[in-house]
Amino acid sequence: MYTTDMTGKTKAEAVAEDPALIAAFEARVANDEFIEPKDWMPEAYRKTLVRQMSQHAHSEIVGMLPEGNWISRAPNLRRKAILLAKVQDEGGHGLYLYAAAETLGTSRDEMTEALLSGKAKYSTIFNYPTLTWADIGAIGWLVDGAAIMNQVPLQRTSYGPYARAMVRICKEESFHQRQGYEIMMHLAAGTPEQKRMAQDALNRWWWPSLMMFGPPDDKSPNTAQSMRWRIKRDTNDELRQKFVDITVPQAEAIGLTVPDPALKWNEERGAYDFGEVDWEEFAAVVRGEGPVTKERIQARQKAWDDGAWVRDAARVHAEKRAAAKLAAE
Amino acid sequence: MSDASKEWPLWEVFVRGKGGLSHRHAGSVHAVDAKMALEHARDTYTRRMEGVSLWVLPSAQIVASDPGDAGALFEPAEDKVYRHPTFYKIPDGITHI
Amino acid sequence: MDAIATYALRLGDDSLILGQRLSEWCGHAPVIEVDLSLANVALDQIGQATHFLNLAGELEGKGRDGDALAFRRDVMDFTNCLLVEQPNGDFAQTIARQLLFSHYQELLFTALTGSKNATIAAIAAKAVKETSYHATLASDWVIRLGDGTNESKSRMIAGLDWMWRFADELFVMDDIDAAAMTAGVGVDKAALRAAWDARIDAVLAEATLSRPAPRRATTGGRNGRHSEHLGHLLSDMQFLQRAYPGATW
């Protein structure tokens with residue numbers, strides 16, 4: 001499960017809505033009540049949610065590709081089964097999230113088309129290539145680690161179907177980060193070539209992982225509204241700091257070096273100081289200029305196009321059967 | 001543009017976790033018919049031994065109460081405390097009741 | 001390897017190569033639900049492969065485990081049938097392969113639950129439930145595609161046409177099979193043919209498809225005589241173990 005906050009450039013438009021309804025809605029949310037599909041909700045809440053859930057779902061589906069790239073080359077039978085199960089889980093999680101978004105009246109096909117046309121976004125992290133087996137370890141450890149931090153609070157998000165999907169997802173994901181760290185552990189303790197592979201993967205995935213928490217708080221204008229609506233529960237910078245504080249000791253424990261010269265324990269804050277993320281790179285990747293953005297979208301487009309005749313055939317078959325059954329009655 | 005008439009219908013999936021429990025809503029799948037819906041429900045929602053039995057039904061077939069009627073539907077039950085066993089005071093020492 | 005170890009090896013190789021092929025679909029299927037279905041089948045096959053190959057290694061007694069057998073043998077030492085190594089092609093071709101193989105595998109495992117080798121019997125008892133579902137899934141898709149649109153029908157016919165020449169090999173009884181059967185470990189695969197034919201014919205009939213015309217069988221997989229496709233599959237699958245000899249993962 002991978003969310004990246006890519007708000008900041010979208011503004012909820014003002015629609016004339018009954019102030020009494022809005023006040024009642026805001027009060028329910030402030031009271032930590034759940035909003036369900038048929039409940040009244042402000043249009044901006046609905047739109048923000050559809051955008052967030054579909055981005056989230058797209059991230060799961062596109063996220064199958066970089067790891068899927070190594071299923072056929074997994075180094076032993078155990079790793080192959082684990083990786084296949086993990087990537088399959090991501091497909092399942094995409095499915096749960098699309099279904100949650102569908103409760104708000106947007107179909108999965110519409111969301112898919114928005115992804116393929118470039119209108120909809122997905123997590124920037126999946127626009128980086130997986131070059132070696134160690135990348136599979138780094139993704140599980142860092143990317144899933146960052147994702148878990150984003151998603152655990154979403155189990156209490158205000159929209160019921162989203163929260164329930166997140167509960168299921170969090171439960172299923174518990175093994176994802178561990179298997180990644182285990183891969184890194186093995187590599188770091190392995191041959192010099194393996195250790196080099198592990199360090200190289202950490203070097204490449206560290207900064208993109210920090211970007212997963214989204215732009216800095218002062219550049220994330222919708223954060224306040226999203227937090228008030230309980231569709232976001234911590235700020236981007238809070239989560240990023242938490243991630244760094246947890247992850248650095250994990251790297252040290254297996255003898256790997258976090259690629260940030262500015263990284264330093266700050267006794268006073270009880271937290272790590274760390275260097276500035278390259279926000280220009282982040283903005284470029286959000287714009288669709290990531291190293292392998294084209295490959296990712298091309299792969300999704302191909303699956304969609306190649307599958308069209310299958311989807312049509314199954315539907316036509318079911319219609320034939322239904323018609324035959326009706327005629328027989 | 002997406003053609004809504006071409007999209008596979010949505011089905012709601014209910015899973016019985018183990019014998020003796022009732023079926024519980026797990027999520028949804030897209031499928032062209034009941035048979036495919038069961039296969040997709042199995043492959044999506046029981047990958048970790050979550051269930052011993054599945055129900056699927058077309059999402060469009062669900063009839064839900066209107067949230068606007070929630071007051072009329074559910075609040076009248078609030079003052080009927082006599083429906084709950086704790087409403088009744090039984091002297092200490094009386095058992096099996 | 002003796003006949004019994006080779007017998008286990010063949011069972012393992014079939015599952016391994018099919019699992020590898022099916023896993024290529026992951027992330028690329030026509031809809032997400034089908035992606036999950038195919039991955040489930042692949043995971044079942046990889047699980048079976050692990051059990052059978054570990055057993056083959058034990059029976060061989062030379063210290064090779066399932067991983068050594070899977071990742072450090074060359075084409076001529078692989079004993080899978082030619083059917084499972086065939087490329088995925090389009091979805092219809094994958095489903096055609098799955099139809100022919102899953103029904104065979106279900107019948108075979110059903111018979112192997114009575115094997116005198118307790119490990120083979122136990123693996124088969126678990127796997128027969130898996131393959132029974134695979135056979136249903138494949139049959140349902142053949143029926144949908146055969147009796148779907150004109151395009152899906154012609155693709156289904158082409159998929160079956162590609163795979164059909166490899167069906168006979170599934171039921172060939174050679175010296176290894178005969179020895180395993182005599183020992184009470186293996187079963188008479190030739191005797192499964194009639195039941196398999198009946199099942200396939202029933203599915204094809206419901207799918208409004210004709211049985212492909214008889215043709216000369218292409219065989220050789222059991223003795224390491226493979227198609228060109230297997231070498232590429234292995235070079236992909238075995239890359240890390242070959243590039244970093246002796247490393248553990």
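Above this note sits the structure.
As the structure is a prediction and not an experimental result, all values here were calculated from the model.

Undergrad: Whenever I open this one, the sheet that holds strand β3 (residues 53-58) of chain B confuses me. Can you help?
TA: Strand-to-strand pairing in sheets goes through backbone hydrogen bonds, with the strands running parallel or antiparallel. Residue and element names in this part refer to chain B. Ordered in space as β2-β1-β3, the three strands form an open sheet in which the pairing is antiparallel. The sheet terminates laterally at β2 (23-30) and β3, the two strands that pair on one side only. For this sheet the average axis-to-axis angle between neighbouring strands, irrespective of direction, equals 25 degrees. One ladder, built from six bridges, connects strand β1 (residues 10-16) with β3; its direction is antiparallel. Bridge pairing in β3 links Arg16 to Ser53.

Undergrad: What should I look at first to understand a nonpolar patch on the surface in this one?
TA: Residue and element names in this part refer to chain B. A contiguous nonpolar surface patch, about 750 Å² in accessible area, is contributed by Val81, Tyr82, Phe87, Tyr88, Ile90, Ile94 and Ile97. Within the secondary structure, Ile97 sits in the segment after α2 (70-74). Since its relative accessible area comes to 78%, Ile97 is described here as exposed.

Undergrad: Can you help me understand the interface of chain A and chain C in this one?
TA: One widely used convention gives an interface's size as the accessible area the parts lose upon coming together. Listed as interface residues are 44 residues of chain A and, on the opposing side, 47 residues of chain C. Both faces considered, chain A and chain C share a buried interface measuring about 3,900 Å² in area, 68% of it formed by carbon and sulfur atoms. Per-residue buried area on chain A facing chain C is highest for Leu77(A), Gln88(A) and Trp309(A); these three make up 20% of the total on that side. Where chain A meets chain C, there are three salt bridges. A salt bridge links Asp147(C) to Lys320(A), with the nearest nitrogen and oxygen atoms 3.0 Å apart. Inspection of the region where chain A meets chain C yields 16 residue pairs in polar contact (both at pLDDT 80 or more). Secondary-structure elements contributing two or more residues to the side of chain A that touches chain C are α3 (64-68), α4 (77-102), α7 (160-188), α8 (192-211) and α12 (293-328) of chain A. Ranked by residues supplied to the side of chain A that touches chain C, first place goes to α12(A) with 14 residues. Considered class by class, the residues forming the side of chain A that touches chain C number 24 nonpolar, ten polar and ten charged.

Undergrad: What am I meant to see in the side chain of Arg73(C) here?
TA: Residues and elements named next belong to chain C. For Arg73, the location among the structural elements is in the loop between α3 (66-71) and α4 (82-85). Overall, Arg73 belongs to the buried group, its relative accessible area being 4%. For Arg73, the side chain forms a polar contact with the main-chain oxygen of Leu69, separated by 2.6 Å. Polar contacts involving the side chain of Arg73 include one to the main-chain carbonyl oxygen of Asp77, which spans 2.9 Å. If we skip the residues at most four places from it in the chain, Arg73 touches Leu9, Asp13, Leu53, Arg64, Ala68, Phe78, Leu234, Gln238 and Arg242.

Undergrad: Looking at this model, I keep getting lost on the side chain of Arg315(A). Mind explaining?
TA: Following the sequence through the fold, Arg315(A) ends up in helix α12. Judged by relative accessible area, Arg315(A) falls into the buried class, the value being 14%. Among the polar contacts made by the side chain of Arg315(A), one reaches the side chain of Asp312(A) at a distance of 3.0 Å. Excluding residues within four positions of it along the chain, Arg315(A) makes contact with Ser5(B), Lys6(B), Trp8(B) and Val32(B).

Undergrad: Mind showing me how you'd approach the packing of aromatic side chains here?
TA: For any pair of aromatic rings, the description consists of the separation of the ring centres together with the inter-plane angle of the planes. Considering all chains together, one arrives at 22 aromatic pairs over all chains under this definition. Geometrically, the ring pair formed by Trp70(A) and Phe239(C) is tilted, given 6.4 Å between the ring centres and 50 degrees between the ring planes. Linking Trp70(A) in the loop between α3 and α4 with Phe239(C) in helix α11 (residues 239-243), this pair reaches from one chain into another. For Phe239(C), a relative accessible area of 33% puts it in the partly exposed group. Ring geometry for Phe101(C) versus Tyr104(C): centroids 5.6 Å apart, planes at 55 degrees, classification tilted. Remark: Tyr104(C) and Phe101(C) occur in helix α5 (residues 91-112); sequence separation between them is three residues, near one turn of the helix. A single burial state applies to Phe101(C) and to Tyr104(C), both of which are buried. The aromatic ring of Tyr96(A) is capped on one face by Arg168(A), whose charged end is 5.7 Å from the ring centroid. The ring of Tyr133(C) is capped by Arg42(B), whose NZ or CZ atom sits 3.6 Å from the centre of that ring.

Undergrad: Got a minute to help me understand the nonpolar core in this structure?
TA: When a protein is soluble and globular, its nonpolar side chains tend to lie buried together. Counting 188 residues, the largest nonpolar core has Trp133(A), Trp206(A), Phe91(C), Leu100(C) and Trp141(C) as the members making the most contacts within it. If you tally residues by element for this core, the top one is helix α2 (residues 32-60) of chain C, at 14 residues. Sequence-distant contacts of Trp141(C), defined by excluding residues within four places in its chain, comprise Val310(A), Ala314(A), Trp8(B), Met36(B), Val34(C), Phe91(C) and Ile95(C).

Undergrad: Just checking my understanding: could you explain α5(C) for this structure?
TA: Think of an α-helix as turning once every 3.6 residues; residues three or four places apart then point the same way. If you check α5(C), its first and last C-alpha atoms are 30 Å apart, about what 22 residues at 1.5 Å a residue would give, namely 32 Å. By the criterion of burial, α5(C) is predominantly enclosed, with 20 of the 22 residues buried.

Undergrad: What exactly am I supposed to notice about the pattern of salt bridges here?
TA: All names here are of chain A. Tallied over the entire structure, the rule returns 49 salt bridges over all chains. A salt bridge links Arg46 to Glu43, with the shortest nitrogen-to-oxygen separation between them at 3.6 Å. A residue pair is termed a helical-turn pair when its members lie 3 or 4 positions apart in one helix, as Arg46 and Glu43 do in helix α2 (residues 43-62) at three residues. Exposure remark for Glu43: the relative accessible area of 29% places this residue in the partly exposed category.

Undergrad: Just to check I follow, could you spell out the interface of chain C and chain B for this structure?
TA: Counting residues at the interface gives twelve residues for chain C, matched by twelve residues for chain B. Both sides of the chain C and chain B interface together cover about 1,100 Å² of buried area, and 52% of this is carbon and sulfur. Summed over the three residues of chain C that lose the most area to chain B, namely Glu33(C), Tyr133(C) and Arg144(C), the buried surface amounts to 45% of that side. On inspection of chain C and its partner chain B, the count reaches two salt bridges. Where the side of chain C that touches chain B is concerned, the elements lending two or more residues are α2 and α6 (118-146) of chain C. For the side of chain C that touches chain B, the element with the highest residue contribution is α6(C), accounting for six residues. For the side of chain C that touches chain B, the per-class residue count stands at six nonpolar, three polar and three charged.

About the thresholds
Residues numbered from 1 in each chain as written. Chains lettered and ligands numbered in written order. Predicted model: local features only at pLDDT ≥ 70, side-chain atom pairs only at ≥ 80, totals over all residues. Heavy atoms only, no water. Pairing = 2+ DSSP bridges. Helix = DSSP H or I, 4+ residues; strand = E, 2+ residues; numbered from the N terminus. Axes fitted to C-alpha atoms, helices over the stretch in contact; angles between N-to-C directions. Patch = residues over 30% accessible without salt bridge, like charges linked within 9 Å, V, L, I, M, F, W, Y side chains within 5 Å. Areas by Shrake-Rupley, 256 points an atom, 1.4 Å probe, with all protein chains shown as cover. Salt bridge = Lys/Arg side-chain N within 4 Å of Asp/Glu carboxyl O. Buried < 20%, exposed > 50% of the residue type's maximum accessible area, 1.4 Å probe, protein only. Contact = heavy atoms within 4.5 Å. Buried area = accessible area lost by both parts, 1.4 Å probe. Polar contact = N/O pair within 3.5 Å; in protein donor to acceptor, adjacent residues only side chain to side chain. Nonpolar A, V, L, I, M, F, W, Y, C, P; charged D, E, K, R; others polar. Phe/Tyr/Trp six-rings, centres within 6.5 Å; stacked < 30°, edge-to-face > 60°. Lys NZ or Arg CZ within 6 Å of the ring centre and 35° of its normal. Core = buried A, V, L, I, M, F, W, Y, C linked by side-chain atoms within 4.5 Å. Expected span 1.5 Å × (residues − 1).

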